[in-house]
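The primary structure of each chain is shown beneath.
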Amino acid sequence: MSLSAPLARLGRTVLGMLAMVGRVALFAISTVTHLFRPPFYGREFLHALLQIGWLSLPVVGLTALFTGGALALQIYAGGSRFNAESVVPSIVAIGMTRELGPVLGGLMVAARVASSIAAEIGTMKVTEQIDALVTLSTHPMKYLTLPRVLAATLALPVLVGVGDAIGIMGGYLVGITRLEFNAAAYLKNTADFLEAWDVISGLIKGAVFGFIVATMGCFYGMHSGRGAQGVGRATKSAVVAASVLILAANYILTELFFSA
Amino acid sequence: MIELTDVHKAFGSNKVLRGVNLSIPRGTSMVIIGGSGTGKSVLLKCILGLVTPDSGTIRVDGQDVNTGDRDAFLARFGMLFQGGALFDSLTVWQNVAFRLLRGSLKRPKLEAREIAIEKLRRVGLKPEVADLFPAELSGGMQKRVGLARAIAAEPEIIFFDEPTTGLDPIMAGVINELIREIVTEMGATAMTITHDMSSVRAIADNVAMLHDGVIKWTGPVAQMDNSGDPYLDQFIHGRAEGPIEAVR
């Protein structure tokens, strides 16, 4: 075997990855441009809003509740090492709104929604329903992709906001029942230290993560391979890609918003 | 009139169409036959623009299919897909009236529903079926719904992709008769792809055989049995021996 063979393989892999990044970017740009060109399918948008937003509330709420509670316990345990137990309310609030609310909310929605979108659109592709849409003079990007991407981009900030509130409540419940905080003092401490930008930055992250989740679900669904295996692979790829991109985007946004 | 001139299409190294020449006169029913994997569906999708040919021209009434208003072009077509391709999330009547509920052919919802029910009746389905979902229907009923959707907007050209695949012989016969009746009464140009010889005899005015990426034989269905073409003879008689290589 030639010594250059591993390098050639590496080169092919890198080129393949760059090509994939390019395809995803073009797909995302195409989705956005359809927003400004009629027709717009309002009924499909409302249906997607229900599926992505409303029906994700339980999973996002429960995740936030337990995370807020666990966060309060961890901060209390860490803070007690240098007599800083009183920071629990403020750190729970800041941690939930800036990081854990949007990131965990995004990841949970990625697991629930990106998989469901990729499986649905992938199945439509292998059963020729996408071709049928085209022959019925309906653009699949407008009918399938845009409503889902728009709904996720608008729904995620709302889910993150609700998740933030529930997460802070989780910390509050643990604080007053397990850590012997005074209820009024806990709430006052939370309100005093929480700034509007903490919340707003988390909501902006939520919108970006929503866009990522739905775009990945639609992209992999539209490019699904044949048969059950093809749809399964598309579903798995959508969730993995959405999760990794959410974490990467979170770092970039955190740098943008909070670096000194 | 649909005219294909020297149409080529390859997927990677697999050359599926190697210079297809075919013309389908207006108001006639052309059936394309050929073995599995010979590119019949690709040919049909090339005409619709679902697959872009590598070279060659496809014209419908003299106009290149890749130029002009795409919506207006597609509005002239109806298509019955092999598996029905019904939208799972929509009820039967919403599937049938899909084109009438949006786009340039949009009608009021009640009117669209009435048309859908009328088309369902035309393909032998009762109005009660209208509010069911596709998953609640048998394979034969799904084909009928697909047929109703294909004719809902009264298209000038109708494509049928393997219309009888997966159906029992009686249901296949019913679908064949329906297709023949509908095409005749609408005066539409029809193009069917199939390897079911009973469909060919029931539906076709003209037949074309696709093999090795080219049209091996084309002519009126009445001349099919006496064509003298060894490929066609082997295919229509289902013989393992002959110029078409049969994988055992």
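Heads up: the structure comes first, above all this text.
So, a few notes on the structure that sits alongside this text.

Conventions and cut-offs
- Residues numbered from 1 in each chain as written.
- Chains lettered and ligands numbered in written order.
- Predicted model: local features only at pLDDT ≥ 70, side-chain atom pairs only at ≥ 80, totals over all residues.
- Heavy atoms only, no water.
- Helix = DSSP H or I, 4+ residues; strand = E, 2+ residues; numbered from the N terminus.
- Buried < 20%, exposed > 50% of the residue type's maximum accessible area, 1.4 Å probe, protein only.
- Areas by Shrake-Rupley, 256 points an atom, 1.4 Å probe, with all protein chains shown as cover.
- Lys, Arg positive; Asp, Glu negative; His and termini not counted.
- Charge placed at Lys NZ, Arg CZ, Asp CG, Glu CD.
- Contact = heavy atoms within 4.5 Å.
- Buried area = accessible area lost by both parts, 1.4 Å probe.
- Salt bridge = Lys/Arg side-chain N within 4 Å of Asp/Glu carboxyl O.
- Nonpolar A, V, L, I, M, F, W, Y, C, P; charged D, E, K, R; others polar.
- Pairing = 2+ DSSP bridges.

1. Thoughts on the overall build of chain A
Of the regular secondary structure elements, chain A holds 9 helices and 0 strands. Seen in sequence order, chain A has helices and strands lined up from the N terminus as α-α-α-α-α-α-α-α-α. The C-alpha extent of chain A, read off along each of the three principal axes, is 65 × 55 × 35 Å. For chain A, with 260 residues in total, the buried portion stands at 46%. About 12800 Å² of surface is accessible on chain A, with carbon and sulfur atoms providing 71% of the total. Taking the average place of the 17 positive charges on the side chains of chain A and the average place of its 12 negative ones, the gap between the two points comes to 14 Å.

2. Quick word on the interface of chain A and chain B
On the side of chain B, 22 residues touch chain A, which itself brings 16 residues to the contact. Summing both sides of the interface, chain A and chain B together bury roughly 1600 Å²; the carbon and sulfur share of this comes to 58%. For the chain A face of the interface with chain B, the top three residues by lost area are Glu128, Thr135 and Leu136 of chain A, together amounting to 37%. Summed over the shared surface of chain A and chain B, the number is 2 salt bridges. Lys45 of chain B is paired through a salt bridge with Asp131 of chain A; the nearest N and O atoms lie 3.1 Å apart. At the level of elements, helix 2 (42-52) and helix 5 (129-135) of chain A are the ones that each hand at least two residues to the side of chain A that touches chain B. Per element, the largest residue contribution to the side of chain A that touches chain B is 6 residues, and it comes from helix 5 of chain A. Here the residues of the side of chain A that touches chain B sort into 7 nonpolar, 5 polar and 4 charged.

3. As for the sheet that holds strand 4 (residues 55-60) of chain B
Residue and element names in this part refer to chain B. Strand order in the open sheet formed by 4 strands is 2-1-4-5, and the pairing between neighbours is antiparallel. A strand with exactly one partner marks an edge of an open sheet, and here the two such strands are strand 2 (14-24) and strand 5 (63-64). Inspection of the sheet shows strand 4 paired to strand 5 by 2 bridges, in the antiparallel sense. Across the sheet, residue Arg59 finds its bridge partner in strand 5, namely Asp64.

So far we have only geometry, and geometry alone does not tell us how the molecule works.
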